[in-house]
Structures are given as structure tokens and as C-alpha cells.
Amino acid sequence: MNSSERSADSPDTPIEYDTSYLNSLRELKFVGAIGTLALAWTLIYGGLKGYSSDPDAMDVILGMPSWVFWGIAVPWCVTSLATLFFALFILREDDDDLLEQEAQAQAEAQAQAEAASKEDVS
């Protein structure tokens, strides 16, 4: 049933989304929020501190001007850590992928069992 048939038959019926789609949407929101925050911080902080700083009295942190350290290096590190946290603790494998893997493993086991039974017969 395609979407036009569904809307014509029952316009009040809520659409049931696939779990893969819902997980992808959740992941998109997380990654989009982290990226948007990092970009906003970099642009705002870099614009305010980078253009208004006096080159003769510039503070240096780890060999970088302080506005570069706080406006570019720190958000980059925080974003990397947030991505690592996301990948390790939030991101999960979809049920569909697990079902496909199980079906493939069962098919392989069945093929091996059939091959072994043919060898026993001969």
C-alpha cells in the first residue's frame, strides 16, 4: 500500500514509522545540535574576540592566540568527545540489522547441516 492509498482509505490513521527511521531521526537531532552549538560558539566567540583583540597584547595558550584556543580548539575537542560519547553509549544497532544477521547465520548453519548430511549419505 503506498502513501496515496493509505491517505485516501484512512486519513485519520496515524502513520507507524520504522524503528530504523526513528533511530536515525534521533541521531540526526543529536548530531545536528552538537554541530550547531559548536559552529555558533566558534563564529560568535571568534568574531567577538578575534577582531577586537589587540595584536600587541595578545595572550598565547599552547602557542595559539587565546581566541583561537577558546574559539576553535576547545569546541573541536568538546565536539570530538561528544561524538565519542554518542558512538559508545547512545548509538545502537537497529533491530532490523540484528534480525538480518540472525537470518543469515541460520541460513549458513542450515547450509552447513545440509552439506554434512549429504556427506554422511555418500
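All residue numbers refer to position in the chain's written sequence, counted from 1. With the structure being a predicted model, the display of local features is reserved for residues of pLDDT at least 70 and the display and counting of side-chain atom pairs for 80 or more, all residues being used for whole-chain, interface and lining totals. Each side-chain value is derived from all of the structure's non-hydrogen atoms; neither hydrogens nor water enter the calculation.

### A short note on unusual backbone geometry
And then number 1: Positive phi outside glycine occurs at Leu 62, with the angle close to 55°.
And then number 2: Where helices and strands are cited, they refer to DSSP runs of H or I of at least four residues and of E of at least two residues respectively, numbered from the N terminus. Structurally, Leu 62 is set in the loop between strand S1 (60-61) and strand S2 (64-65).
And then number 3: Here the term buried applies to any residue with accessible area under 20% of the maximum for its type, exposed to any over 50%, and partly exposed to those in between, with areas from a 1.4 Å probe on protein chains only. Relative accessible area serves as the criterion here: at 71%, Leu 62 is assigned to the exposed category.

### Digging into the pattern of salt bridges
And then number 1: Throughout this description, the term salt bridge denotes a Lys or Arg side-chain nitrogen within 4 Å of a carboxyl oxygen of Asp or Glu. Counted under the stated rule, the structure contains one salt bridge.
And then number 2: For Arg 26, the salt bridge goes to Glu 27, with nearest N and O atoms at 3.9 Å.
And then number 3: What makes Arg 26 partly exposed here is its relative accessible area of 27%.
And then number 4: A residue is classified by how much of its surface remains accessible, and Glu 27, at 17% relative accessible area, is buried.

### Observations concerning the side chain of Ser 66
And then number 1: With respect to the helices and strands, the residue Ser 66 is situated in helix H3 (residues 66-90).
And then number 2: Relative accessible area serves as the criterion here: at 19%, Ser 66 is assigned to the buried category.
And then number 3: Throughout, a residue-residue contact means that at least one pair of heavy atoms, one from each residue, lies within 4.5 Å. With near-sequence residues (within four places) excluded, Ser 66 lies in contact with Asp 59 and Ile 61.

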